[in-house]
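Geometric and topological summary
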Amino acid sequence: MSFKAQKASLKDLLRISKFFKENFTGEGRYGTVDLFSWKTATNPLGNGFVNFVEIDGEVAATTSITRKRLKYSDKIIEAAEIGDTYTAPKFFRRGLFTIVGNASREQAEEEGMSYIYGLPNATALPGWQKKANFEIQSSLNVRAMSLATSADNKLLSIVGWAGMELFGGIIRLGLALCYKLRNRNKKGLDGYIIEHLESLPDDWNEFWEEASRRHDFIICRTKDEMTWRYFRHPDIYHFNQVRHEGKLVGYLVYKNVPTDLGYSMIIADYMFLSDHDSALIKVLSELVNTAFRTKTRGISVWCDRRSPYYKTLMLYGFADRHHIPVIIYNNKIKDALNKAQQPHFTMGDSDNV
């Protein structure tokens, strides 16, 4: 029996949401109607789409295309993130992944999106490489990094709930003191003002143009695109701007994700002007203080190995955990993009947060 991918209507999104609720085994609730509506119907760059395969009246497999724009060496390239690729376990080994993935990629190309990328997990990666003509983008070396603010998970496995409650607070105080001492002599932090934003300021695009010049590969972050990404998303993000003598010099966006033992704090996005990199330390210190005042297990961030921010994160105390493979479709633009030398890629450039 042959199967064919079809584009989801707004009515189909209800079925696809139910599909994810029943089949997605990751942490938290994923694939809600609100999320797919946000992706497909509110993007200022144009509508994205969700494709799915149906078998005997059931949603069997899905994937999606979210429109993006890439700034590469001062050129703007229409781009697409391919994501939400999932097959119900009962329909494994029927070739549905190839059908729905290739159909979505073909539609993206037909609509003018030439940089097509994704971030598959370890299980899905070989399929994209062998059956869909994608490869790992060699110009990106994105690292998953983390900073511990709690040892509750480890304590629970060793001494149980009572021991965790007894020793957890002591360890958090010790970690807080360690990070404070480690960064106590950082200079050049005076004069920075951190403010929480409910909307982007009027001078945002001016900041974006100046800040993006240091990167030859970066997903666009204009005011319209950032407003959609973080202020109109169905989830809640905390957006902090940094100013120096009145000038916008950087920002950091984070999100709290609930877990069984409190929260994980995820840094979704960040960027600073080249002569204000030290402001990242100022924001991180405030973030860490917030984490220790709350029941936060740790702070996670993505950073490319060649990024100017990587060294700052390492010196602050973040540990480099592992590589995050970004895949790129093997078309005529691929070779040029793999020559990028100064990329910037954060978790907010993906579906992962």
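Data block above holds the structure.
The written sequence of each chain sets the order in which its residues are numbered from 1. Given that this is a predicted model, residues contribute local features only at a pLDDT of at least 70 and side-chain atom pairs are listed and counted only at 80 or more, while totals for whole chains, interfaces and linings are drawn from all residues. Note: side-chain values were computed over all heavy atoms of the structure, leaving out hydrogens and water.

1. What to know about the overall build of the chain
Put simply, DSSP H or I for four residues or longer makes a helix, DSSP E for two residues or longer makes a strand, and each gets a number counted from the N terminus. For the chain, the count of helices and strands is 10 helices and 16 strands. Any pair of residues with heavy atoms lying within 4.5 Å of one another is described as a contacting pair. Sequence-distant contacts in the chain: of pairs separated by 6 or more residues, those separated by 24 or more amount to 73%. Only carbon and sulfur atoms are counted for the fraction: they give 50% of the accessible area of the chain, which is about 16800 Å². Calculation of accessible area relied on Shrake-Rupley with a 1.4 Å probe; when residues are assessed, cover is drawn exclusively from the protein chains displayed.

2. Quick look at the pattern of salt bridges
One speaks of a salt bridge when a side-chain nitrogen belonging to Lys or Arg is within 4 Å of a carboxyl oxygen belonging to Asp or Glu. For the coordinates displayed, the defined rule picks out 22 salt bridges. Close ionic contact of R243 with D203 constitutes a salt bridge, the shortest N to O distance being 2.9 Å. Taken together, the residues R243 in strand β10 (residues 238–244) and D203 in the loop between β8 (192–197) and α6 (204–211) connect sequence positions 40 residues apart. The class of D203 is partly exposed, set by a relative accessible area of 22%. One salt bridge connects K247 with E210, and the closest N-O pair in it is separated by 3.3 Å. Of this pair, K247 sits in strand β11 (residues 247–259) while E210 sits in helix α6; the two residues are 37 residues apart in sequence, bridging distant segments of the chain. Salt bridges here are not isolated pairs; linked through shared partners, they connect K7, R67 and E111. Note on classification: 1.4 Å probe, protein chains only; a residue is buried when its accessible area is under 20% of the maximum for its type, exposed when over 50%, partly exposed between these limits.

3. With respect to the side chain of R229
Among the secondary structure elements, R229 is positioned in helix α7 (residues 223–231). When charges are counted, Lys and Arg contribute as positive and Asp and Glu as negative, whereas His and the chain ends are disregarded. It is D351 that comes nearest to the buried, bridge-free R229 among opposite-charge side chains, at 6.4 Å. Counting of polar contacts relies on pairs of N or O atoms within 3.5 Å, with two restrictions inside protein: one atom must be capable of donating a hydrogen and the other of accepting it, and residues adjacent in sequence are counted only when both atoms are side-chain atoms. Of the polar contacts made by the side chain of R229, one reaches the backbone oxygen of G348; its length is 3.0 Å. Leaving out residues up to four positions away in the same chain, R229 has contacts with W38, Y237, G348, S350 and V353.

4. Points about helix α3 (residues 96–110)
Given the number of residues in a helix, its expected span is that number minus one, multiplied by 1.5 Å. The terminal C-alpha atoms of α3, which comprises 15 residues, lie 21 Å apart, in line with the 21 Å expected from a rise of 1.5 Å per residue. All buried positions along α3 are accounted for by L96, F97, V100, G101, N102, A103, S104, R105, Q107 and A108. In the stretch just after α3, G112 is the one whose phi turns positive, near 90°.

5. Let's talk about the pairing of strand β3 (residues 58–72)
Regular strands place side chains that alternate from one sheet face to the opposite one. The element β3 is extensively covered by neighbouring structure, given that 13 of its 15 residues are classed as buried. Strand pairing follows a simple DSSP-based rule, namely that at least 2 bridges must link the two strands. Across seven bridges, strand β2 (residues 49–55) lies against β3 in antiparallel orientation. Residue pairing for β3: V53 is matched across the bridge by A61. Where β2 hands over to β3, the hairpin turn is made up of two residues, of which D56 adopts a positive phi near 50°. The pairing of β3 with strand β4 (residues 75–87) spans 11 bridges and is classified as antiparallel.

6. Focus on empty space enclosed by the protein
In this approach the atoms are scanned with a rolling probe the size of a water molecule, which exposes any empty space left behind. Both site types are read off a 1 Å grid over the protein atoms alone. A 1.4 Å probe that fits but cannot get out defines a cavity, while an open set with protein on both sides within 12 Å along at least five of seven lines defines a pocket; lining residues have an atom within 4 Å of a point. Grid points are joined across faces, edges and corners, and a volume is the space filled by probe spheres set on the points. Under the defined criterion, the tally for this structure stands at one cavity of 30 Å³ or more. Here the largest cavity is characterised by a volume of approximately 150 Å³. Every element with two or more residues in the lining of the largest cavity is listed here: β3 and α7. Looking at the lining of the largest cavity, the element that brings in the most residues is α7, giving five residues. In this classification, Asp, Glu, Lys and Arg are treated as charged, Ala, Val, Leu, Ile, Met, Phe, Trp, Tyr, Cys and Pro as nonpolar, and every other residue, Gly included, as polar. Across the lining of the largest cavity, the residue classes break down as six nonpolar, two polar and eight charged.

7. So, the nonpolar core
In this description, a nonpolar core means a group of buried Ala, Val, Leu, Ile, Met, Phe, Trp, Tyr and Cys residues linked to one another through side-chain atoms lying within 4.5 Å. Y115 and F318 are the most contacted members of the largest nonpolar core, which totals 71 residues. For this core, the element with the most residues is helix α8 (residues 279–293), which contributes nine residues. Apart from the residues lying within four places of it in its own chain, the contact partners of Y115 are L70, I77, E78, A79, A80, Q137, L140, F217, I219, V326, I328 and L337. In this structure, W38, V53, I55 and A60 belong to the second largest nonpolar core, which totals 24 residues.

8. Some thoughts on the environment of Y329
Tracing the chain through its elements places Y329 in strand β15 (residues 327–329). Each C-alpha atom of the pair Y329 and S114 lies 8.7 Å from the other, and the pair is 215 residues apart in sequence. When sequence neighbours within four positions are dropped, the list of residues in contact with Y329 reads R105, E109, I116, A132, N133, F134 and K334.

Remember that the coordinates give geometry; whether it matters functionally is a separate question.
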